[in-house]
Amino acid sequence: MSEESHGSHAGRPSSWIAVTVIFAGFVVGGVGLCLGPMWVMFWVGAGIVVLGMLVSWVVHLFSDVVVDAPRVIPEIVDYSLFGSQSDKRRGGDAGEVLDTPVATDTQQSPHG
């Protein structure tokens, strides 16, 4: 059984373990700085962070990607400093031409 992401914001359990180890290292190092500073405790925390980075490399943390739906950007853009409505449109007076796919559209390729 392989672990893979299914487009959820929750992430894989192995990714959360790596993040937890890195977070624990930051907490240990931060507490070490606040208590003195206690440099040994700080460097132990830094070592835990490095260990967490190695764990994240082993579990392929950065391949746990969430693919969101394409974002729709409104065509009317308000450039006014005080929030009043303006007639400025993206793409100039004619507006934006969206008959070709854009880079945020994951269903169609914008190249080719």
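Small disclaimer: the values here were computed from a predicted structure and weren't measured.

Each value, and the rule that gives it
Residues numbered from 1 in each chain as written. Predicted model: local features only at pLDDT ≥ 70, side-chain atom pairs only at ≥ 80, totals over all residues. Heavy atoms only, no water. UniProt positions renumbered as here; feature names shortened; annotations may be inferred. Helix = DSSP H or I, 4+ residues; strand = E, 2+ residues; numbered from the N terminus. Axes fitted to C-alpha atoms, helices over the stretch in contact; angles between N-to-C directions. Parallel < 35°, antiparallel > 145°, perpendicular 65-115°, else oblique. Left-handed = near helix turned anticlockwise from the far one by under 90°. Contact = heavy atoms within 4.5 Å. Phe/Tyr/Trp six-rings, centres within 6.5 Å; stacked < 30°, edge-to-face > 60°. Buried < 20%, exposed > 50% of the residue type's maximum accessible area, 1.4 Å probe, protein only.

Enquirer: Before we go on, may I ask you to explain the UniProt feature "transmembrane region" (unreviewed entry) in the chain in this structure?
Expert: Taken from the UniProt record, the annotation "transmembrane region" (unreviewed entry) applies to residues 15-35 and 42-62. Secondary structure across residues 15-35 comprises 95% helix and 0% strand; the distance between its end C-alpha atoms is 30 Å. Taken end to end, residues 42-62 is 81% helix and 0% strand, and its first and last C-alpha atoms sit 26 Å apart.

Enquirer: Which parts of the structure should I look at to understand the packing of helix α1 (residues 13-34) against helix α2 (residues 39-58)?
Expert: Each pair of packed helices can be described by the angle between their axes along with the distance between the axes. Where α1 meets α2, the closest approach of the two axes is 7 Å, and the angle between their N-to-C directions is 170°. As summarised for this structure, α1 and α2 are arranged roughly antiparallel, according to the angle between their axes. As α1 packs across α2, the resulting crossing turns out to be left-handed. For the pair formed by α1 and α2, the contact residues are A18, V21, I22, A24, G25, F26, V28, G29, V31, G32 and L33 on the first element and W39, M41, F42, V44, G45, I48, V49, L51, G52, M53, V55 and S56 on the second.

Enquirer: Even after reading the chapter, I still don't get the packing of aromatic side chains, so can you show me in this structure?
Expert: Applying the stated criterion across every chain yields a total of 2 aromatic pairs. Between F42 and W43 the ring centres are 4.9 Å apart and the planes differ by 75°, which places this aromatic pair in the edge-to-face class. Exposure remark for F42: the relative accessible area of 21% places this residue in the partly exposed category. W43 sits in the exposed class, given a relative accessible area of 57%.

Enquirer: Would you mind showing me how to read the environment of W39 here?
Expert: With respect to the helices, strands and loops of the structure, W39 is situated in helix α2. The class of W39 is partly exposed, set by a relative accessible area of 48%. A sequence separation of 10 residues divides W39 from G29, and the C-alpha atoms of the two residues are 8.6 Å apart.

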